[in-house]
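# Structural overview
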Amino acid sequence: MSNYVERMSVQYHNFSQGADPLIDSWPLMQTPTPILTISGLYLLFVLWIGPRWMEHRKPIELRRTLIVYNAAQVIISTAFCLTPFFTGLFGQYMSMSCGEPMTGISKELQLSVWNGAWMYLLLKIIELLDTVFFVLRKKQNQVSFLHVYHHTIMVLFTWFYLKYIPGTQAAFIGVLNSFVHIFMYTYYLLAALGPQSPKEKKLWDQKYLFWKRHLTTLQLLQFGIMLCYFVLINSMQCQVPRALTYFFVSNITIFLFLFINFYRQAYRKRPATVKAD
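Residues numbered from 1 in each chain as written. Predicted model: local features only at pLDDT ≥ 70, side-chain atom pairs only at ≥ 80, totals over all residues. Heavy atoms only, no water.

Attention shifts here to the environment of F230. Looking at the element boundaries, F230 is found in helix α11 (residues 212-235). Judged by its relative accessible area of 1%, F230 is buried. As for F230 and T245, which are separated by 15 residues in sequence, their C-alpha atoms are 7.1 Å apart. Apart from residues no more than four positions distant in its own chain, F230 is found in contact with I173, T245, F248, V249 and I252. (Helix = DSSP H or I, 4+ residues; strand = E, 2+ residues; numbered from the N terminus. Buried < 20%, exposed > 50% of the residue type's maximum accessible area, 1.4 Å probe, protein only. Contact = heavy atoms within 4.5 Å.)

Next up, the structure:
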């Protein structure tokens, strides 16, 4: 009984103090207040304030903003995806993915993971603008539960992961997600570059955006790979925190279910009326 209490007190200490003082010294990382505030304001705006504010207003033209924003997202996602390979760090991520969060790997690798995770957190926060743009353009039908849940949970989880369990195990997930985002934001970029008239837009979509269905398939494949990855590292008896495993597996399963449901609605039932998230 005393050993159990001791273990619980150590876990509580870790969760109250964070994984490392260096991470705690970074912006947004000392307490959960800033990230919870950002997430709360995001939900309040996209679900209540924004729709009511735009109710009697015309959609805001954001074509140039969207072109710049989506082009920047493609470049950043490509950098997140390719940098670990060019630097040789991805091989270290995979070969050492069974290490404990704080031990068993070099300080250089650990710092690279931490810095990458913090920049990834900033990117997830910036991606909240996806929904803000939908609201300002009066595309409220695209502010679906799947869309809002995905954006919110990614911000909260990335912060939680970096704050308390910043091991190498989730580096693969970040790289895989960035790879998918290259194609996703390329699709959004091409859509923003297209003409505005309905007739020309239809021809543009047929010529350049016909692969929208394959993009959803790629997203589904992403979640399947993530599930297999966590099954693999657990079968190898990697010292992955149970909280991390349970959270990842449960949310990946939820995403998988929601995306399958979206795929069925968009491409099998009402292909002409349901739009991509």
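Turning our attention to the packing of helix α3 (residues 33-54) against helix α8 (residues 145-164). Packed helices, taken two at a time, are described by their axes: the angle between them and the distance between them. Where α3 meets α8, the closest approach of the two axes is 10 Å, and the angle between their N-to-C directions is 175°. If you check the angle between α3 and α8, you find them roughly antiparallel. Seen from α3, the contacting residues are I35, L36, S39, Y42, L43 and L47; seen from α8, they are H147, V148, H151, T152, V155, L156 and W159. In terms of residue class, the contact of α3 with α8 is made up of nine nonpolar, four polar and no charged. (Axes fitted to C-alpha atoms, helices over the stretch in contact; angles between N-to-C directions. Parallel < 35°, antiparallel > 145°, perpendicular 65-115°, else oblique. Nonpolar A, V, L, I, M, F, W, Y, C, P; charged D, E, K, R; others polar.)

Glancing now at the pattern of salt bridges. According to the stated counting rule, one finds two salt bridges in the structure shown. Residue K163 pairs with D24 through a salt bridge whose shortest N-O separation is 2.7 Å. One end of the pair, K163, is in helix α8; the other, D24, is in helix α2 (residues 21-24), and 139 residues separate them in sequence. Relative accessible area serves as the criterion here: at 2%, K163 is assigned to the buried category. Of the charged contacts in the structure, one is a salt bridge between K124 and E127, with a shortest N-O distance of 3.0 Å. By the burial criterion, K124 is buried, and E127 matches it. (Salt bridge = Lys/Arg side-chain N within 4 Å of Asp/Glu carboxyl O.)

Next up on the list: the environment of M54. Tracing the backbone through its elements, the reader meets M54 in helix α3. For M54, a relative accessible area of 2% gives the class buried. Sequence separation between M54 and L136 is 82 residues; the distance between their C-alpha atoms is 6.8 Å.

So, on to the UniProt feature "transmembrane region" (unreviewed entry) in the protein. The sites that carry the UniProt feature "transmembrane region" (unreviewed entry) are, in the present numbering, residues 35-54, 66-86, 117-136, 148-165, 171-193, 214-232 and 244-263. With 94% helix and 0% strand, residues 148-165 has end C-alpha atoms that lie 25 Å from one another. Between the end C-alpha atoms of residues 171-193 there is a gap of 33 Å, over a span that is 100% helix and 0% strand. (UniProt positions renumbered as here; feature names shortened; annotations may be inferred.)

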